[in-house]
Amino acid sequence: EAGVAQSPRYKIIEKRQSVAFWCNPISGHATLYWYQQILGQGPKLLIQFQNNGVVDDSQLPKDRFSAERLKGVDSTLKIQPAKLEDSAVYLCASSQQGRNQPQHFGDGTRLSIL
Amino acid sequence: GDSVTQMEGPVTLSEEACLTINCTYTATGYPSLFWYVQYPGEGLQLLLKATKADDKGSNKGFEATYRKETTSFHLEKGSVQVSDSAVYFCALFNNAGNMLTFGGGTRLMVKP
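Residues numbered from 1 in each chain as written. Chains lettered and ligands numbered in written order. Predicted model: local features only at pLDDT ≥ 70, side-chain atom pairs only at ≥ 80, totals over all residues. Heavy atoms only, no water.

## What about the overall build of chain A?
A count of helical and extended segments in chain A gives zero helices and 11 strands. The C-alpha atoms of chain A give 13 Å as radius of gyration, which agrees with the globular expectation for 114 residues (13 Å, within 12%). If you line up chain A on its principal axes, its C-alpha atoms span 40 × 25 × 25 Å. Counting over 114 residues, chain A shows a buried share of 46%. At a minimum sequence separation of 6, the contacts of chain A that also span at least 24 residues come to 53%. One finds the centroid of the 13 positive side-chain charges in chain A at a distance of 3 Å from the centroid of its 10 negative side-chain charges. (Helix = DSSP H or I, 4+ residues; strand = E, 2+ residues; numbered from the N terminus. Rg over C-alpha atoms; globule rule 2.2 N^0.38 Å. Buried < 20%, exposed > 50% of the residue type's maximum accessible area, 1.4 Å probe, protein only. Contact = heavy atoms within 4.5 Å. Lys, Arg positive; Asp, Glu negative; His and termini not counted. Charge placed at Lys NZ, Arg CZ, Asp CG, Glu CD.)

## Some words on the sheet that holds strand 8 (residues 75-79) of chain A
Residue and element names in this part refer to chain A. Across the sheet, four strands lie side by side as 1-3-8-7; this open sheet has antiparallel pairing. Two strands lie at the open edges of the sheet, namely strand 1 (5-7) and strand 7 (65-68), each paired on one side alone. Pairs of neighbouring strands in the sheet enclose a mean axial angle of 15°, with direction left out of account. (Pairing = 2+ DSSP bridges. Axes fitted to C-alpha atoms, helices over the stretch in contact; angles between N-to-C directions.)

## Points about the pattern of salt bridges
For the structure on display, the rule yields six salt bridges over all chains. With a shortest N-O distance of 4.0 Å, Asp107 of chain A and Arg9 of chain A are connected by a salt bridge. Linking Asp107 of chain A in the loop between strand 10 (104-105) and strand 11 (109-113) with Arg9 of chain A in the loop between strand 1 and strand 2 (10-13), this pair joins segments that are 98 residues apart in sequence. A salt bridge links Asp55 of chain B to Lys52 of chain B; the nearest nitrogen and oxygen atoms lie 3.3 Å apart. (Salt bridge = Lys/Arg side-chain N within 4 Å of Asp/Glu carboxyl O.)

## Digging into the interface of chain A and chain B
In this complex, chain A contributes 21 residues to the contact, which on the side of chain B involves 22 residues. Overall, the association of chain A and chain B removes approximately 1600 Å² of surface from exposure, summing both partners, and the carbon and sulfur fraction of that is 48%. For chain A, the biggest contributors to the area lost against chain B are Arg99, Asn100 and Phe105 of chain A; these three give 32% of the whole. Counting across the chain A and chain B interface gives zero salt bridges. At the junction of chain A with chain B, the criterion picks out four residue pairs in polar contact (both at pLDDT 80 or more). Only strand 4 (31-37) and strand 5 (44-50) of chain A provide two or more residues apiece to the side of chain A that touches chain B. With three residues, the top contributor of residues to the side of chain A that touches chain B is strand 4 of chain A. (Buried area = accessible area lost by both parts, 1.4 Å probe. Polar contact = N/O pair within 3.5 Å; in protein donor to acceptor, adjacent residues only side chain to side chain.)

Encoded structure:
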């Protein structure tokens, strides 16, 4: 089975620019997650989708971050405008629907803000 | 709210040494507990899990037992290999089973 695909792997931008990340979950996985992992820390959940609906976005900085999953499959996460503190690895994960289903992670996008 | 605390690293061991990485948690209800491993440049991989008290998760020689009385889920391995060098994350699923909370991670370095 193909894993969670993310692109790009690396991105370098200047502060105040915009950036977008893409995620393709494992086929059939209804739940999709975006995490932010700052260097030396554990991943922090930004947003969780169930099909194309948002389940939890309480940790998403909505003044600059947005995410969508229009057709309930692929998802994009956008940052506009970027700040220095947004430098991190952005991880996408997916799982089957239901309680306590294990999450499968992509390799992440490493974002560096100059 | 829910939280997970892990021992700080890095943990440096020689090959074939015994490993213990401590993990304690705070949560309401009965969370499920997980260990994830992250190799350099890669995403997180599920290593093992336990869904109720006294359950033991095991995989690739690693073990962890869900101890509700001490709210702990320590990761152990009897003999580590160089290939085990990675960052290990302890995590819990909240009572509703829809949100994963991670600890800060512990870097393990195994020397030949």
